[in-house]
Amino acid sequence: MLIKERTKSVRIKKLEVMQRRIIRHHPRYLSIEDELSGRLAGHFGEQSNDYFLKPFREFSVLHDLRLTAHESYFQIDTLLLSPRYLLNLEVKYITGTLVFDHLNQVIRLKDDGTEEAFKNPIFQVKRQQSHLIEWMARNRIPPIPVRSLVVMSNTRTIIQAPPSSKDVPQYITHSPYLQERIKIIDKIYSVEKLNKREFGKLSKMLVQHHTPENPDLLKRYQIEEKDIIKGVYCTECFYMPVVRQYRTWICPKCSHKAHDLHLPTLEDYALLYGTTITNKQFCDFLQVSSRHVATRLLSDMNLKQTGSGKGRVYHLPEPQ
Ligand SMILES: [Zn+2]
């Protein structure tokens, strides 16, 4: 049973808005594109791996969990829950060859022959596992075994390790072998550790305690307001700015027409600047010249409002 599905993270959505709206000659534009393409590859790798989990209906499945560990957070790509044990899956989409040496250092050999140091994914899942065990103890969940696997979602990724390595065969697998690996692990943990009530409590708490990440990417990439292209964008061809004529939006490039084209642009606004907007900010970001038009469009959305007159603030939905 799927109890928390996988969606594009707020970080990816923010990067998409920045790619769409930041002036092309900005010195950080290419770094933004780079981060976005890396994170999208990871996201689609995780999605393609979900296919291999379909036969395991008896598990509860949670995707993209972010939970507190002391002062910070830890993240889990996919968590399979059963009353007998939990399985933490860290999905990696990597091109080229991953070489583990006898000191547990990892080097990635790219297809073009260059190499780079790579964070050891086995250390990463071991850390997630111990954070998860601590989190459950803190939340008074009875002890239950946790296992972890690093899943290579690109079937062409080659893994090299010294023959003496125990961790690599134990922790790493490719997507197509995941089902076999789960069947083997499943046989080891045959005893139920949580009763129905405890298991229900654990599933519910994991979802409730999930805290979505909301990074300040404008600050990180040193983007100023003048670097951002304003206006309503066309959802068909991404042209900006779409113009407003006779109570409707019309794209000058592809002639796409829609009454509610300001809504996706307001999502962009919330991702860039946060969820509160005044009439003046609406007019400025959406390039609407009439404050009466702005008032009507904002009122039609039935948003929560605070303040009055020129100080009235509208509360947009939180980006998910
Ligand atoms: Zn268009």
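Residues numbered from 1 in each chain as written. Predicted model: local features only at pLDDT ≥ 70, side-chain atom pairs only at ≥ 80, totals over all residues. Heavy atoms only, no water.

In the nomenclature of an unreviewed UniProt entry, the chain corresponds to NERD domain-containing protein from the organism Fictibacillus phosphorivorans.

S.K.: Explain the pairing of strand β3 (residues 72-81) here, please?
M.R.: In summary, the side chains of a regular strand alternate between the two faces of the sheet. Here β3 lies mainly inside the structure; seven of its 10 residues are buried. Of the pairings in the sheet, the one linking strand β2 (residues 60-69) to β3 comprises nine bridges and is antiparallel in character. Across the sheet, Val-61 pairs through a bridge with Leu-80, a residue of β3. Adjacent in sequence and paired antiparallel, β2 and β3 are bridged by two residues, among which His-70 carries a positive phi angle near 55 degrees. Across four bridges, the pairing between β3 and strand β4 (residues 86-92) is antiparallel. By the bridge assignment for β4, Thr-78 is matched with Leu-89. Linking β3 to β4, which pair antiparallel, is a turn of four residues. (Buried < 20%, exposed > 50% of the residue type's maximum accessible area, 1.4 Å probe, protein only. Helix = DSSP H or I, 4+ residues; strand = E, 2+ residues; numbered from the N terminus. Pairing = 2+ DSSP bridges.)

S.K.: Looking at this model, I keep getting lost on the side chain of Asp-77. Mind explaining?
M.R.: Counting through the fold element by element, Asp-77 comes out in strand β3. Here Asp-77 sits buried without a salt bridge, and the closest side chain of opposite charge, Arg-6, lies 5.2 Å off (N-O distance). Apart from residues lying up to four places away in sequence, Asp-77 is in contact with Arg-6, Glu-46, Leu-62, His-63, Asp-64, Leu-89, Glu-90 and Val-91. (Lys, Arg positive; Asp, Glu negative; His and termini not counted. Salt bridge = Lys/Arg side-chain N within 4 Å of Asp/Glu carboxyl O. Contact = heavy atoms within 4.5 Å.)

S.K.: Help me understand the packing of helix α1 (residues 10-21) against helix α8 (residues 262-273), please; the structure alone is not making it clear to me.
M.R.: Running from N to C, α1 and α8 point in directions that differ by 110 degrees, and their axes come no closer than 9 Å. With respect to α8, the axis of α1 lies roughly perpendicular. Here the hand of the crossing between α1 and α8 comes out left-handed. For the pair formed by α1 and α8, the contact residues are Val-10, Lys-13, Lys-14, Val-17, Met-18, Arg-20 and Arg-21 on the first element and Thr-265, Asp-268, Leu-271 and Leu-272 on the second. Class assignment for the residues of the contact of α1 with α8 results in five nonpolar, one polar and five charged. (Axes fitted to C-alpha atoms, helices over the stretch in contact; angles between N-to-C directions. Parallel < 35°, antiparallel > 145°, perpendicular 65-115°, else oblique. Left-handed = near helix turned anticlockwise from the far one by under 90°. Nonpolar A, V, L, I, M, F, W, Y, C, P; charged D, E, K, R; others polar.)

S.K.: Whenever I open this one, the environment of Pro-176 confuses me. Can you help?
M.R.: Note that Pro-176 resides in the loop between β10 (172-174) and α5 (178-188). Exposure remark for Pro-176: the relative accessible area of 41% places this residue in the partly exposed category. For the pair Pro-176 and Val-151, spaced 25 residues apart in sequence, the C-alpha separation works out to 9.4 Å. Apart from the residues within four sequence positions on either side, Pro-176 is in contact with Phe-52 and Thr-155.

S.K.: So what exactly am I meant to see when it comes to the UniProt feature "domain: NERD" (unreviewed entry) in the chain here?
M.R.: As annotated in UniProt, the feature "domain: NERD" (unreviewed entry) corresponds to residues 41-155 in the numbering used here. As annotated, residues 41-155 comprises 24% helix and 40% strand, and the C-alpha atoms at either end are separated by 14 Å. (UniProt positions renumbered as here; feature names shortened; annotations may be inferred.)

S.K.: I tried to follow α1 on my own but got confused; where do I start?
M.R.: An α-helical turn contains 3.6 residues, so a residue and the one three or four places further along point in the same direction. Over its 12 residues, α1 runs 16 Å from end to end, which matches the ideal 16 Å to within 8%, given 1.5 Å per residue. Burial runs high along α1: nine of the 12 residues are buried. Taken residue by residue, α1 has Val-10, Arg-11, Ile-12, Lys-14, Leu-15, Val-17, Met-18, Arg-20 and Arg-21 as its buried positions. Here the buried face of α1 lies against α2 (29-50), α7 (217-220), α8 and α9 (279-286). (Expected span 1.5 Å × (residues − 1).)

S.K.: Honestly, the packing of α9 against helix α10 (residues 291-300) in this entry has me stumped. Any pointers?
M.R.: Helix-helix packing is characterised by the crossing angle of the two axes and by the distance between the axes. Across the interface, α9 lies against α10 with an axial gap of 9 Å and an inter-helix angle of 105 degrees. Classified by the interaxial angle, the pair formed by α9 and α10 is roughly perpendicular. Within the contact between the two elements, α9 uses Asn-279, Phe-282 and Cys-283 and α10 uses Arg-291, Ala-294, Thr-295, Leu-297 and Leu-298. Considering only residue class, the contact of α9 with α10 consists of five nonpolar, two polar and one charged.

S.K.: Please explain the domain arrangement of the chain as it appears in this structure.
M.R.: Where interface size is given, it is often the accessible area lost as the parts come together that is meant. Taken domain by domain, the chain consists of domain 1 (2-209) and domain 2 (230-315). Computed from C-alpha coordinates alone, the two centres of domain 1 and domain 2 are separated by 38 Å. Domain 1 puts seven residues into the contact, and the matching count from domain 2 is 10 residues. Interface area, domain 1 with domain 2, both sides summed: about 730 Å², of which 63% is carbon and sulfur. For the pair domain 1 and domain 2, the number of links is two salt bridges. For Arg-21, the salt bridge identified is with Asp-268, shortest N-O distance 2.8 Å. Our count for the domain 1 to domain 2 interface comes out at three residue pairs in polar contact (both at pLDDT 80 or more). (Domains from an automatic or database assignment. Buried area = accessible area lost by both parts, 1.4 Å probe. Polar contact = N/O pair within 3.5 Å; in protein donor to acceptor, adjacent residues only side chain to side chain.)

S.K.: I keep staring at the pattern of salt bridges and nothing clicks. Help me out?
M.R.: A side chain with one charge may pair with a side chain of the opposite charge, provided their charged atoms come close. Counted by the stated rule, this structure contains 19 salt bridges. Notably, a salt bridge pairs Glu-225 with Lys-230, separated by 3.2 Å at the nearest N-O pair. Here the salt bridges share partners, and the residues they tie into one network are Arg-11, Glu-35, Arg-39, Glu-213 and Arg-220.

S.K.: Looking at this structure, how should I read the coordination of the zinc ion?
M.R.: The textbook angles at a metal center are 109.5 degrees for a tetrahedron of four donors and 90 or 180 degrees for an octahedron of six. The protein atoms donating to the zinc ion are Cys-234 (SG), Cys-237 (SG), Cys-251 (SG) and Cys-254 (SG), with metal-donor distances spanning 2.2 to 2.3 Å. For Cys-251, a relative accessible area of 1% gives the class buried. (Donors = N, O, S within 2.8 Å, 3.2 Å for Na, K, Ca; no water.)

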